[in-house]
There are 2 protein chains.
Amino acid sequence: MRLCFVLLISLFTSSLVIADPLPSWVDAKSKQSIIEFVETVTDSSGDKFVPVADRIAVFDNDGTLWSEQPVYFQIFYALDRIQRLAKEDPSILTSDALKAANKGDIKAVAAGGMSALTEVINLSHANISVTDFQADVKQWLKTARHPGTGLAYNHMVYQPMLELLSYLRDNDFKTYIVTGGGIHFVRAFAESTYGIPPEQVVGSQLNLAYETSGSSSRMVKKPDIAFVDDGPGKPVAIDIHIGRKPIFAGGNSDGDFQMLEWTSSNKLPNLAMIVHHTDAKREFSYDKKSHIGKLEKGMDQAADRGWLLVDMKNEWKSIYPE
Amino acid sequence: MRLCFVLLISLFTSSLVIADPLPSWVDAKSKQSIIEFVETVTDSSGDKFVPVADRIAVFDNDGTLWSEQPVYFQIFYALDRIQRLAKEDPSILTSDALKAANKGDIKAVAAGGMSALTEVINLSHANISVTDFQADVKQWLKTARHPGTGLAYNHMVYQPMLELLSYLRDNDFKTYIVTGGGIHFVRAFAESTYGIPPEQVVGSQLNLAYETSGSSSRMVKKPDIAFVDDGPGKPVAIDIHIGRKPIFAGGNSDGDFQMLEWTSSNKLPNLAMIVHHTDAKREFSYDKKSHIGKLEKGMDQAADRGWLLVDMKNEWKSIYPE
């Protein structure tokens, strides 16, 4: 009988602990809408019930799950790696863009446009195996600190979004990251930081090659961008990687517009949300005029399209985890 | 107390029903090796235990999960669709290759090489939304019959492999298809036929575009092959879609060689198997000299590499489901 009691308790525990699934969210419109949505699509007696297989939730990463100012964190990684490589062999700095990168002069790199950025990415991200690259990213995350906050980059994730990811998963959603960032870069920390396994991380890609020599084989990142997972690339990547239309999407910039639009076109009940960076004090404040994470079209159309505009300042009790 | 009894029964039932997980396999080397492998990696008290997250199993489709003779079934679909399209508008047959396709003259199409094949694929697979395309494939599967067996194509799947897929899933493996065939084509039947959801089907791709007009949006298949999921492309696709090295791989031709090699390079315990088509009576018999599903390198190296060579004739009690 004692065993029976233990069995019964363990059956019911999971439903008891999710009394408030989103404790860092102020009890305002966004939280209420999200909870109402999840309760509606998981109510098997209702007419808006969505089967588990279709409970696909997709999230942008930069600016949606973690911060992205003053530049995408992956750029900080690229410069750091170039500096480390150049220390060993300064002759790799073969152009003005690479020399600027080595000095940490992000403005000069940016002024060089796409060709300068490609040079920086190729030197820092290519001609390395996926295994070695991800080990390097993990090591960097352990030691590198954000110039503004002094925090480790993977501590600059949004506590309310971590709660949202867990809440969705507790309700049998499959949570995906669909990021403009590099697929291998984000996979290096997505599982430990967000609880999202590599097969559920979709991102931009460099070329990739399978190489063998003798009895050993490796997967090698090669120069040049093969796929940009941004804008219309996001729904394309969702189709290729997931093959189902999501019912939940979270983004923060116009690069997420098409992903939200695609999700909203689902015939099943769906919810799209935009994280609006309104909190200059606790995080950053930017939207229409920002050089990174520009949010103009999404802001203008959110109300008409029924997308949630999440006001970070007024709807989030905390930003980063304690 | 009765409730307790029901709970306990339901806990143990799952282990009772898998007494013989592979009833269509002869109790010979392949079956024994597979079962030994699965029992070893799922034994949490052993030193070869593999955590659930790493239990990734990948399978080729053509010739591994279903038949592929006299030509890949997707080619039959392509010709059928061209014939249907040409009936409505004969002016679409703008080349010798397309005219041959319309006559069902596979030899003439093959003689035209890659450019002829691309023409056929573009006309039959492109300029159509993914939704419409997959509806068309599903409809075709309902009515089309294989010229040799008279069976529906999705009934020409291998019963022993269906059992293997289920057995692996019962042991918390995640089963993937990694096919040289088209990703959207195979996804159209993979879930109903193999129990494999779209997000676990990786394949070759045409170009793909996200298109909107007014308030509607669609995912459209576009001309020309963007990715060939064959040979070294298979491990590349596995990295992009899964991000983990598999511990189980099944193939049948040299196009699967690198996928098996990559799987075998896993530091975790792993098993690679090749379906050897030895059964001219019940299926087809071919290997080194075949124009489709050629198996030469894999056959020569299987023993040295410790790969299972599954003898269809002598190790499978049945081929297709009843």
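The structure presented is a predicted model; accordingly, all values stated were derived computationally and were not measured.

**Student:** For the pattern of salt bridges, give the residues involved together with the corresponding values.
**Tutor:** Under the defined criterion, the tally for this structure stands at 28 salt bridges over all chains. Residue Glu199 of chain B pairs with Lys174 of chain A through a salt bridge whose shortest N-O separation is 2.9 Å. In this pair, Glu199 of chain B sits in the loop between α9 (183-194) and β4 (201-213) while Lys174 of chain A sits in strand β3 (residues 174-182), so the two residues belong to two different chains. Glu199 of chain B sits in the buried class, given a relative accessible area of 10%. Here the salt bridges do not stand alone but share partners, grouping Asp80, Arg81, Arg84 and Asp136 of chain A into one network.

**Student:** Tell me about the pairing of β4 of chain B, and name the residues and values.
**Tutor:** All names here are of chain B. Sheet topology note: the strand β3 (residues 174-182)/β4 ladder contains 3 bridges and is parallel. By the bridge assignment for β4, Val178 is matched with Val202. As paired elements, β4 and strand β5 (residues 216-227) share 9 bridges and run antiparallel to each other. Within β5, the position partnered with Leu206 by the bridge is Ile225.

**Student:** Describe the domain arrangement of chain A, naming the residues involved and giving the relevant values.
**Tutor:** Residue and element names in this part refer to chain A. Domain assignment breaks chain A into domain 1 (15-69 + 149-315) and domain 2 (73-134). With centres defined by C-alpha atoms, the gap from domain 1 to domain 2 works out at 27 Å. With 22 residues of domain 1 at the interface, the matching set in domain 2 holds 16 residues. Of the roughly 1,600 Å² buried between domain 1 and domain 2, counting both surfaces, carbon and sulfur atoms make up 69%. Looking at the side of domain 1 facing domain 2, the largest losses of area belong to Tyr153, Phe185 and Lys221, adding up to 36% of the total buried there. At the surface where domain 1 touches domain 2, the tally comes to 6 residue pairs in polar contact (both at pLDDT 80 or more). Within the residue set of the side of domain 1 that touches domain 2, elements represented by two or more residues are β3, α9 (183-194), β4 (201-213) and β5 (216-227). The dominant element in the side of domain 1 that touches domain 2, judged by the number of residues it contributes, is β5, at 8 residues.

What counts, and at which threshold
Residues numbered from 1 in each chain as written. Chains lettered and ligands numbered in written order. Predicted model: local features only at pLDDT ≥ 70, side-chain atom pairs only at ≥ 80, totals over all residues. Heavy atoms only, no water. Salt bridge = Lys/Arg side-chain N within 4 Å of Asp/Glu carboxyl O. Helix = DSSP H or I, 4+ residues; strand = E, 2+ residues; numbered from the N terminus. Buried < 20%, exposed > 50% of the residue type's maximum accessible area, 1.4 Å probe, protein only. Pairing = 2+ DSSP bridges. Domains from an automatic or database assignment. Contact = heavy atoms within 4.5 Å. Buried area = accessible area lost by both parts, 1.4 Å probe. Polar contact = N/O pair within 3.5 Å; in protein donor to acceptor, adjacent residues only side chain to side chain.

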